[in-house]
Amino acid sequence: MPITHTDYVPILKWRQGEYQALWRLADTTKDRTVPLIEITPPDFDFETWTPAKTIDEHLAPFATRLHKKWGSRLALLDCGLLDATATMLGGKHPMLYLCEQAFAQNAVIVPVVRLTSDGAYRAAVGTARALMQTGIALRCSLDEAMDTAAFDAGVGALLYQLGVALEDCDIVLDLEAPTWEPQNVLVGIVSGALSGSSAMAGARSVTMAGTSFPASMADVTGPLQFWPRREWTFYQAVLASLSGDDRIPGFGDYAIAGHGFAQGDMRLLKPAATIRYTCDDGWIIAKGSNVRDNGFGQYRGCSGNVTSSPRYLGAAYSPGSTYIDACRNGTASTGNLSTWRWVGSNHHITKVVNDLATLFGP
């Protein structure tokens with residue numbers, strides 16, 4: 001099934017919290033979700049100053065795990081966070097290895113490429129595409145898309161190199177984390193990029209993504225803070241700006257995460273207890289103190305802060321929402337950091353899918 005503008009494209013790191021979030025979604029929600037999966041580098045061992053695993057060890061579980069957590073549903077696969085020089089034993093590119101392994105387990109994967117991807121990455125995408133016959137996804141920046149003539153030329157050259165027709169290409173316009181203000185100016189820029197490009201008009205799908213989630217929990221004050229979902233209000237403003245002949249883009253975001261990826265030394269980091277809960281127009285973020293010194297028991301109080309908020313959507317709204325209420329009343333454990341990543345991500349995906357259904361109809 002191709003991506004439509006009523007589908008939701010969350011950009012998710014392929015880590016335990018995120019794939020558990022996907023697995024626990026209701027089937028009706030899964031059917032309207034097309035995750036863009038980012039493969040993260042191996043964890044880094046700061047004591048030995050080397051990766052904790054080889055690239056082969058790190059990537060080996062992917063296909064089996066994807067099959068278990070997502071089955072044969074459509075997903076986009078992006079290896080852009082990996083070291084560009086990383087290769088598997090025998091010299092195979094990680095993108096090709098992952099696609100081959102996933103394809104062998106009946107996964108439906110669309111490889112993601114950028115206009116800036118190097119020759120080895122492009123070659124891997126081309127070979128994977130020829131094997132899977134699923135086309136490609138182009139992830140582009142707003143800076144690239146603003147110059148529509150150069151963008152269309154670049155897309156044409158890339159597709160020619162990969163042997164892909166435009167109608168077999170999904171485009172993800174990734175705004176990343178702009179300031180979002182002034183909104184009307186940004187709306188005009190994005191609308192112009194969408195409507196002025198022949199590549200955008202002819203692609204198999206177009207999705208607009210971005211994030212306004214805080215880049216760091218240091219920016220959040222407890223015990224409960226509201227944070228607006230600017231990407232969602234911006235998306236609606238873009239839709240309102242389009243003419244009747246313009247293509248309607250789909251919606252994507254970074255779920256409950258900011259843009260970027262950093263590997264910190266866990267010996268030095270002291271992450272705070274946080275619950276990231278998506279509501280109609282933003283997030284409510286419950287925040288406690290650091291879990292290393294104060295433990296995970298404080299999540300019961302954090303859960304109570306969420307469930308007592310008028311923005312709480314109820315225990316039955318999503319599996320994540322159910323878990324928060326169960327933690328509050330003591331029938332679920334206080335978990336760990338990965339637990340609360342799946343809880344928040346699962347609820348967020350459910351909420352956005354419902355938001356899109358409300359916006360566009362069933």
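Since we're looking at a predicted model, the values are computed, not measured.

**Examining the side chain of Thr334**
No. 1: Locating Thr334 in the fold gives a position in the loop between helix H14 (319–329) and helix H15 (337–360).
No. 2: The class for Thr334 is buried, based on a relative accessible area of 16%.
No. 3: With residues near it in sequence (within four places) discarded, Thr334 still touches Phe296, Gly297, Tyr299, Arg300, Cys327 and Trp340.

**Quick look at the nonpolar core**
Side chains of a nonpolar character, in soluble globular proteins, are inclined to be buried together.
No. 1: Ranked by size, the top nonpolar core spans 70 residues in total, and within it Ile39 and Val190 carry the most contacts.
No. 2: Here this core takes six residues from helix H5 (residues 94–104), the largest share from any one element.
No. 3: The contacts of Val190, once residues within four sequence positions are left out, are Leu142, Leu173, Leu175, Met208, Phe234 and Val238.
No. 4: If you look at the next biggest cluster of nonpolar residues, it comprises 20 residues, including Cys302, Ile324, Trp342 and Val343.

**Concerning the packing of helix H4 (residues 62–70) against H5**
No. 1: The interhelical angle for the contact between H4 and H5, taken along N-to-C directions, is 45°, at an axis separation of 8 Å. Between H4 and H5, the angle is such that the two are oblique. For the pair H4 and H5, the crossing hand works out as right-handed. Taken together, the residues of H5 that come into contact with H4 (itself represented by Phe62, Ala63 and Leu66) are Leu98, Gln101 and Ala102.
No. 2: Each residue belonging to the contact of H4 with H5 can be placed in one class, and the counts come to five nonpolar, one polar and no charged.

Quick notes on the rules
Residues numbered from 1 in each chain as written. Predicted model: local features only at pLDDT ≥ 70, side-chain atom pairs only at ≥ 80, totals over all residues. Heavy atoms only, no water. Helix = DSSP H or I, 4+ residues; strand = E, 2+ residues; numbered from the N terminus. Buried < 20%, exposed > 50% of the residue type's maximum accessible area, 1.4 Å probe, protein only. Contact = heavy atoms within 4.5 Å. Core = buried A, V, L, I, M, F, W, Y, C linked by side-chain atoms within 4.5 Å. Axes fitted to C-alpha atoms, helices over the stretch in contact; angles between N-to-C directions. Parallel < 35°, antiparallel > 145°, perpendicular 65-115°, else oblique. Left-handed = near helix turned anticlockwise from the far one by under 90°. Nonpolar A, V, L, I, M, F, W, Y, C, P; charged D, E, K, R; others polar.

Fair warning: the whole summary comes from geometry, so function is off the table for now.
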